[in-house]
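Observations on the three-dimensional arrangement
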Amino acid sequence: MTGIAGWFFAYLFFMAVELFFRSLISLWFCAGALGAWTAALMGQTAEEQLFVFLLVSVFSLWIIGAAGRRRR
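The following paragraphs examine the structure supplied in this document. What you are looking at is a predicted structure, and each value in this text was computed from that prediction instead of being measured.

**Re the overall build of the protein chain**
Helix and strand content of the protein chain: 3 helices and 0 strands. Listed by position from the N terminus, the elements making up the protein chain come as α-α-α. Along the first, second and third principal axes, the C-alpha atoms of the protein chain reach 45 × 25 × 15 Å. Looking at the protein chain as a whole, 22% of its 72 residues qualify as buried. Nonlocal contacts in the protein chain, meaning residues at least 24 apart in sequence, comprise 53% of its contacts between residues at least 6 apart.

This is the structure in structure tokens:
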């Protein structure tokens with residue numbers, strides 16, 4: 001249960017940072033925390049949750065970076 005609440009609070013923290021600074025950097029981690037929270041809800045281990053967090057964060061970096069390059 002702690003992992004579920006921890007990832008949810010991490011999501012809220014990264015979202016608050018993103019709303020305050022509007023730099024699109026915290027958005028990667030926000031997406032990763034949301035993915036890890038989903039993994040925690042499905043009963044995955046802490047290592048699997050961390051892997052999902054890293055995987056989703058890197059994927060978000062790739063997607064947001066590509067969208068940013070297209071806008072220029």
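Picking up after the structure, the text goes on.
**Describing the environment of Ala5**
Following the sequence through the fold, Ala5 ends up in helix H1 (residues 2–21). Taking C-alpha positions, Ala5 is 14 Å from Cys30, a pair spaced 25 residues apart along the chain.

**Structural notes on a nonpolar patch on the surface**
A cluster of nonpolar side chains, namely Phe8, Phe9 and Leu12, defines an oily patch on the protein surface of about 290 Å² accessible area. Its place among the elements puts Leu12 in helix H1. Residue Leu12 is classed as partly exposed on the basis of its relative accessible area of 39%.

**Here's the deal with the environment of Ala33**
For Ala33, the position within the fold is in helix H2 (residues 26–41). Residue Ala33 is classed as buried on the basis of its relative accessible area, which comes to 0%. Separated by 18 residues in the primary sequence, Ala33 and Met15 have C-alpha atoms spaced 10.0 Å apart.

**A short note on the side chain of Glu18**
Here Glu18 lies in helix H1. Among buried Asp, Glu, Lys and Arg side chains, Glu18 stands out as unpaired, with Arg22 the closest opposite charge at 7.5 Å. Of the polar contacts made by the side chain of Glu18, one reaches the backbone nitrogen of Ser26; its length is 3.2 Å. Separated by 3.2 Å, the side chain of Glu18 and the backbone nitrogen of Leu27 make a polar contact. Among all residues touching Glu18, those that are not within four sequence positions of it are Ser23, Leu24, Ile25, Ser26 and Leu27.

Rules behind the numbers
Residues numbered from 1 in each chain as written. Predicted model: local features only at pLDDT ≥ 70, side-chain atom pairs only at ≥ 80, totals over all residues. Heavy atoms only, no water. Helix = DSSP H or I, 4+ residues; strand = E, 2+ residues; numbered from the N terminus. Buried < 20%, exposed > 50% of the residue type's maximum accessible area, 1.4 Å probe, protein only. Contact = heavy atoms within 4.5 Å. Patch = residues over 30% accessible without salt bridge, like charges linked within 9 Å, V, L, I, M, F, W, Y side chains within 5 Å. Areas by Shrake-Rupley, 256 points an atom, 1.4 Å probe, with all protein chains shown as cover. Salt bridge = Lys/Arg side-chain N within 4 Å of Asp/Glu carboxyl O. Lys, Arg positive; Asp, Glu negative; His and termini not counted. Polar contact = N/O pair within 3.5 Å; in protein donor to acceptor, adjacent residues only side chain to side chain.

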